[in-house]
Amino acid sequence: MTVEIYHNPRCSKSRQTLQLLEEHGFEPNITEYLKTPPDRAGLERILSMLDMEPRDLMRKKEAEYKEFGLDNPKLTREQLVQAMVDHPKLIERPIVISNGRATIGRPPEKVLDMLR
């Protein structure tokens, strides 16, 4: 089974999720998304697998969220996705993908439910 994690090594939840995967015998493909952010198509694919709207995947407490007025209800889906492509720090983490499904590792144990 192929498992991929969109990971930020500076985030404790992301580190805990990666550790949990490894403890359960998974060797995930690790994408440090701040260094290698998903492109628009990749982000749309992730949103589809998560069954989420762009704003639901955004970290609303990041300075960029307020700075760019991303709480504005008039912004389109395309504008919100582009904001995450341009500023990957806004993307909630960690995201684990396997077998066409995805989940956010908050709490980290949530990913194990998806992988069963």
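Residues numbered from 1 in each chain as written. Predicted model: local features only at pLDDT ≥ 70, side-chain atom pairs only at ≥ 80, totals over all residues. Heavy atoms only, no water.

Student: Summarise the overall build of the chain; cite the residues concerned and give the values.
Tutor: A tally of helices and strands in the chain yields five helices and four strands. In summary, the chain has a C-alpha radius of gyration of 14 Å against a globular reference of 13 Å for 116 residues, a match within 12%. Counting only C-alpha atoms and orienting by the principal axes, one finds that the chain spans roughly 45 × 25 × 20 Å. Here the chain, with 116 residues, has 47% of them falling under the buried criterion. Counting contacts in the chain only where the partners sit at least 6 residues apart, residues at least 24 apart contribute 63% of the total. (Helix = DSSP H or I, 4+ residues; strand = E, 2+ residues; numbered from the N terminus. Rg over C-alpha atoms; globule rule 2.2 N^0.38 Å. Buried < 20%, exposed > 50% of the residue type's maximum accessible area, 1.4 Å probe, protein only. Contact = heavy atoms within 4.5 Å.)

Student: Give a description of the nonpolar core that names residues and reports values.
Tutor: Of all hydrophobic cores here, the largest spans 22 residues; its most connected members are Leu57 and Ile95. Going through the elements one at a time, α2 (40-50), α4 (77-86), β3 (95-98) and β4 (101-104) are the ones with two or more residues in this core. Discounting residues that sit within four places of it in the chain, Leu57 has contacts with Leu43, Ile46, Leu47, Leu50, Met52, Met84, Leu90, Ile91, Glu92, Ile95 and Ile104. Listed in part, the nine residues of the second largest apolar core include Val3, Leu18, Leu21 and Phe26. (Core = buried A, V, L, I, M, F, W, Y, C linked by side-chain atoms within 4.5 Å.)

Student: So, the environment of Leu115: which residues are in play, and what are the values?
Tutor: Within the element layout of this structure, Leu115 appears in helix α5 (residues 110-115). Of the residues examined, Leu115 reaches a relative accessible area of 8% and is grouped as buried. Sequence spacing of Leu115 and Leu57 is 58 residues, and the spatial spacing of their C-alpha atoms is 21 Å. If sequence neighbours within four positions are ignored, Leu115 has contacts with Met1, Val3, Leu21, Phe26 and Ser98.

Student: A description of the pattern of salt bridges should follow, citing residues and the corresponding values.
Tutor: Proximity of charged atoms lets side chains of opposite charge pair with each other. For the structure on display, the rule yields eight salt bridges. The residue Lys89 makes a salt bridge to Glu62 at a minimum N-O spacing of 3.6 Å. Here the residue Lys89 occupies a position in the loop between α4 and β3, and Glu62 occupies one in the loop between α2 and α3 (63-67), the gap between them amounting to 27 residues. A relative accessible area of 39% places Lys89 in the partly exposed class. By relative accessible area, Glu62 is classed as buried at 12%. Where Glu92 meets Arg106, a salt bridge forms, and the shortest distance between an N and an O atom there is 2.9 Å. Of this pair, Glu92 sits in the loop between α4 and β3 while Arg106 is found in the loop between β4 and α5, placing the two residues 14 residues apart along the sequence. Of the residues examined, Glu92 reaches a relative accessible area of 17% and is grouped as buried. If you follow the salt bridges from partner to partner, you end up with Arg59, Glu62, Lys89, Glu92 and Arg106 in one network. (Salt bridge = Lys/Arg side-chain N within 4 Å of Asp/Glu carboxyl O.)

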